[in-house]
Amino acid sequence: MVSGMRFSIVFLTLLGLTLAHVHQMRLRKRDSMRKELVRAGQWEEYMATKSQLRADRSTFAAGYPQKVNDYDDAEYVGNITVGTPGQFFEVILDTGSANLWVPDATCSGGVTNPCANKHKFDASKSTTYAKNGKAFTIEYGTGSAKGFLGQDTVRFGTDDTALTVPKCTFGQATSIAAFFKRDVIDGILGLAFQSLAVDNVKPPFVEAIDQNLVDQPLFTVWLEHEGFKENVAGGVYTWGAVDTINCGPVIAYEPLTSATYFLFKLKSVSIDSYTNTKGWIVISDTGTSLISAPLDVVENVAKTIGAKYDQSAGIYTIACGTKIADLQLTIGSHTYNLNYENMIIPISATQCGLAMDPYLGGGFGPQWILGDPFIRQYCNVYDLGNKRMGFAKSNQA
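In short, a report on the structure.

## A look at empty space enclosed by the protein
Here is step 1 of the chain: The full count for this structure, using the stated rule, is two cavities of 30 Å³ or more.
Here is step 2 of the chain: Put simply, the second largest cavity is a space of about 30 Å³.
Here is step 3 of the chain: Lining the second largest cavity are I271, V301, I324, A325, D326, L327, L338, M343 and L354.
Here is step 4 of the chain: Residues belonging to the lining of the second largest cavity are distributed by class as follows: eight nonpolar, no polar and one charged.

Right, here's the structure in full:
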């Protein structure tokens, strides 16, 4: 009788896991465009060209600017499919934006066409595609992604167990910014709130929530540590639940100040003898590989650890192996420590960089961007339903 009861309990537990609307999606870690250009000695030239493009784009303020990201530092990418049968795309999973777009089969641009080597969506090959036709434009400061909207099934991953969301509205880009040509990614999967989306298009994960395809209206991000290796497993997104495999118990939840980006309050920052208690509005953002902070904060942190600014790399550099104190961030009533392994990133065998850069936000939006170094140390729980952020210690050594 006891053994029968045990069998029933195990069976019901397995059945519950099978039926549960929880899905995991693996990421791939690759080098950011910044790192590739630094190694090639082309970063300064690239930034000069980029600055000129920004200055030339007089219509930028009148469009729909993505104020946080231009993806120079994005290092973690994931695979999705669109349509039936699924057409493959490699995308940045970006909590700093809210639209999904991929290149369309009609994407063009002549000899310098940024779409040339990218996967492209062919609506005629999908049995579940529905035409929308409304034009869309997303400005990135140095260029844009523009085209028209369509509707189809989006799969968060490529296997049969992946979260599959019918009737997602997405952008079919007929032209994309020149800077995307340098990047291997095909498009962007925005994960922020619908209120941030261009044309108020419902983001695919919000669509999944509304269709009751996930257990809870949240997702968890766990990222692997920084290192020299690329094209390796980079982390896991868990859709619909807190990740209890890669992450410890949730330390605390912090209410969002705005349900647009994932915005919340940072009370103070300190490292060794330096402390700043000014307080700021910050964003948790998977689309950047650095922590971006006000210039005075970055300069003081760099000075405290003995890092020097390297124009050719665009960041503060330090000899690898230099001992530094933890960077301490106070959010709510808890202090979160970021150690050497997450705050110092490898550039070469002997030269490393401080994983911080100045954020020049222009007076709008967040004042800090807590990117991958923070998310590697602490799993981030993006709770859309309760409009809050959760933080849990990563289980990696």
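And the narrative resumes.
## Considerations on the side chain of D285
Here is step 1 of the chain: As for its placement among the helices and strands, D285 is situated in the loop between β16 (280–284) and β17 (291–293).
Here is step 2 of the chain: Of note is the side chain of D285, whose polar atom sits 3.0 Å from the backbone nitrogen of G287.

## Overview of unusual backbone geometry
Here is step 1 of the chain: Cis peptide bonds are those with omega within 30 degrees of zero, and the linkage from T84 to P85 qualifies with -5 degrees.
Here is step 2 of the chain: Positive phi, normally seen in glycine, also occurs at D272, with a value near 55 degrees.
Here is step 3 of the chain: Its location among the elements puts D272 in the loop between β14 (268–271) and β15 (274–276).
Here is step 4 of the chain: With phi around 50 degrees, K387 is a residue other than glycine that occupies positive phi space.
Here is step 5 of the chain: Looking at the secondary structure, you find K387 in the loop between β26 (378–383) and β27 (388–394).
Here is step 6 of the chain: Classification of K387 by relative accessible area gives partly exposed; the value is 44%.

## Regarding the pairing of strand β3 (residues 87–94)
Here is step 1 of the chain: The element β3 is extensively covered by neighbouring structure, given that seven of its eight residues are classed as buried.
Here is step 2 of the chain: In this sheet, β3 lies alongside strand β2 (residues 76–82) in antiparallel orientation, the contact comprising five bridges. Looking at the pairing, I80 lines up with F89 of β3.
Here is step 3 of the chain: As paired elements, β3 and strand β8 (residues 187–190) share four bridges and run parallel to each other.

## Remarks on the packing of aromatic side chains
Here is step 1 of the chain: The final tally for this structure, using the stated rule, is 21 aromatic pairs.
Here is step 2 of the chain: A cation over an aromatic ring shows up here: R388 above the ring of Y253, its NZ or CZ 3.6 Å from the ring centre.

## Looking at the nonpolar core
Here is step 1 of the chain: By size, the foremost hydrophobic cluster in this structure holds 72 residues, and its most contacted members are F156, F205, W239, M356, W368 and F374.
Here is step 2 of the chain: Residue contributions to this core peak at five residues, all from helix α5 (residues 295–305).
Here is step 3 of the chain: Setting aside anything within four residues of it in sequence, one finds F374 in contact with I291, L329, I331, Y336, L338, N380 and F391.

## A closer look at the environment of V198
Here is step 1 of the chain: Position of V198 relative to the elements: it lies in the loop between β8 and α4 (204–210).
Here is step 2 of the chain: With 60 residues separating them in the primary sequence, V198 and I138 have C-alpha atoms 7.0 Å apart.

## Overview of the side chain of T330
Here is step 1 of the chain: Within the secondary structure, T330 is located in strand β20 (residues 327–331).
Here is step 2 of the chain: A relative accessible area of 16% means that T330 is categorised as buried.
Here is step 3 of the chain: Of note is the side chain of T330, whose polar atom sits 3.2 Å from the side chain of T335.
Here is step 4 of the chain: If sequence neighbours within four positions are ignored, T330 has contacts with L266, K267, S268 and T335.

## Regarding the state of the cysteines
Here is step 1 of the chain: Counted under the stated rule, the structure contains three disulfides.
Here is step 2 of the chain: Paired through a disulfide, C107 and C115 show a sulfur-sulfur distance of 1.9 Å. Sign of the S-S torsion, about 50 degrees for the bond between C107 and C115, identifies this disulfide as right-handed.
Here is step 3 of the chain: For C320, the disulfide goes to C352, at an S-S distance of 2.1 Å. Every disulfide takes its handedness from the sign of the S-S torsion; for C320 and C352 that torsion is 100 degrees, giving right-handed. On the criterion of sequence distance, the pair formed by C320 in the loop between β19 (315–319) and β20 and C352 in strand β23 (residues 351–354) is long-range, its members being 32 residues apart.

## So, the pattern of salt bridges
Opposite charge on two side chains permits pairing when their charged atoms draw close.
Here is step 1 of the chain: All told, the structure shown has five salt bridges when counted by the stated rule.
Here is step 2 of the chain: With its nearest N and O atoms 3.9 Å apart, the salt bridge here joins R26 to E224. Of the two residues, R26 is situated in strand β1 (residues 23–29) and E224 in the loop between β9 (218–223) and β10 (232–239); the sequence distance between them amounts to 198 residues.
Here is step 3 of the chain: Assessed through its relative accessible area of 46%, R26 is described here as partly exposed.

## Description of the sheet that holds β19
Here is step 1 of the chain: Within the open sheet, the four strands sit side by side as β18-β19-β23-β22. Their pairing is antiparallel. Strands with a single pairing partner mark the edges of an open sheet, and in this sheet they are β18 (308–310) and β22 (344–346). Each neighbouring strand pair of the sheet contributes to a mean axis angle of 50 degrees, computed without reference to strand direction.
Here is step 2 of the chain: Here β19 pairs with β23 via three bridges, running antiparallel. Counted as the bridge partner of I318 is C352 from β23.
Here is step 3 of the chain: Relative to the sheet, α5 contacts β19, β22 and β23, its axis offset from that of β19 by approximately 10 degrees.

## A short note on the environment of M343
Here is step 1 of the chain: Within the secondary structure, M343 is located in helix α6 (residues 340–343).
Here is step 2 of the chain: Residue classification places M343 among the buried positions, given a relative accessible area of 2%.
Here is step 3 of the chain: When the C-alpha atoms of M343 and M356 are compared, they prove to be 7.8 Å apart, with 13 residues separating the residues in sequence.
Here is step 4 of the chain: Beyond its immediate stretch of four places on either side in the chain, M343 contacts I291, I324, L327, L338, G353, L354, A355, M356 and P373.

So, how was this worked out
- Counting restarts for each chain, with residues numbered from 1 along the sequence as it is written.
- Local features are withheld for residues below a pLDDT of 70 in this predicted model, meaning they are given only at 70 or higher, and side-chain atom pairs are given and counted only at 80 or more; totals for whole chains, interfaces and linings count all residues.
- Hydrogens and water molecules were not included; the side-chain quantities draw on all heavy atoms of the structure.
- Each cavity reported here is a set of points on a 1 Å grid over the protein atoms alone in which a 1.4 Å probe fits but cannot get out, each pocket an open set with protein on both sides within 12 Å along at least five of seven lines, and each lining residue one with an atom within 4 Å of a point.
- Grid points are joined across faces, edges and corners, and a volume is the space filled by probe spheres set on the points.
- Each residue is assigned to one of three groups, with Ala, Val, Leu, Ile, Met, Phe, Trp, Tyr, Cys and Pro labelled nonpolar, Asp, Glu, Lys and Arg labelled charged, and all others, Gly among them, labelled polar.
- Where helices and strands are cited, they refer to DSSP runs of H or I of at least four residues and of E of at least two residues respectively, numbered from the N terminus.
- What qualifies as a polar contact is a pair of N or O atoms within 3.5 Å, subject to a donor-acceptor requirement within protein and to the restriction that residues adjacent in sequence count only when both atoms come from side chains.
- For each residue, the accessible area found with a 1.4 Å probe, counting protein chains only, is set against the maximum for its type, and the residue is called buried under 20%, exposed over 50%, and partly exposed in between.
- When DSSP finds two or more bridges between a pair of strands, those strands are recorded as paired.
- Pairing of aromatic rings covers Phe, Tyr and Trp, the last through its six-membered ring, and needs centres within 6.5 Å; plane angles under 30 degrees mean stacked, over 60 mean edge-to-face, and all others mean tilted.
- Any Lys NZ or Arg CZ that is within 6 Å of a ring centre and within 35 degrees of that ring's normal is treated as a charge sitting over the ring.
- We call a set of buried Ala, Val, Leu, Ile, Met, Phe, Trp, Tyr and Cys residues a nonpolar core when their side-chain atoms join them within 4.5 Å.
- Whether two residues are in contact is decided by their heavy atoms: any pair within 4.5 Å suffices.
- For this text, the term disulfide refers to a pair of cysteine sulfurs within 2.5 Å.
- A carboxyl oxygen of Asp or Glu within 4 Å of a side-chain nitrogen of Lys or Arg is what we treat as a salt bridge.
- Axis definition: a line fitted to C-alpha atoms, limited for helices to the stretch in contact. Angles are taken between N-to-C directions and run from 0 to 180 degrees.

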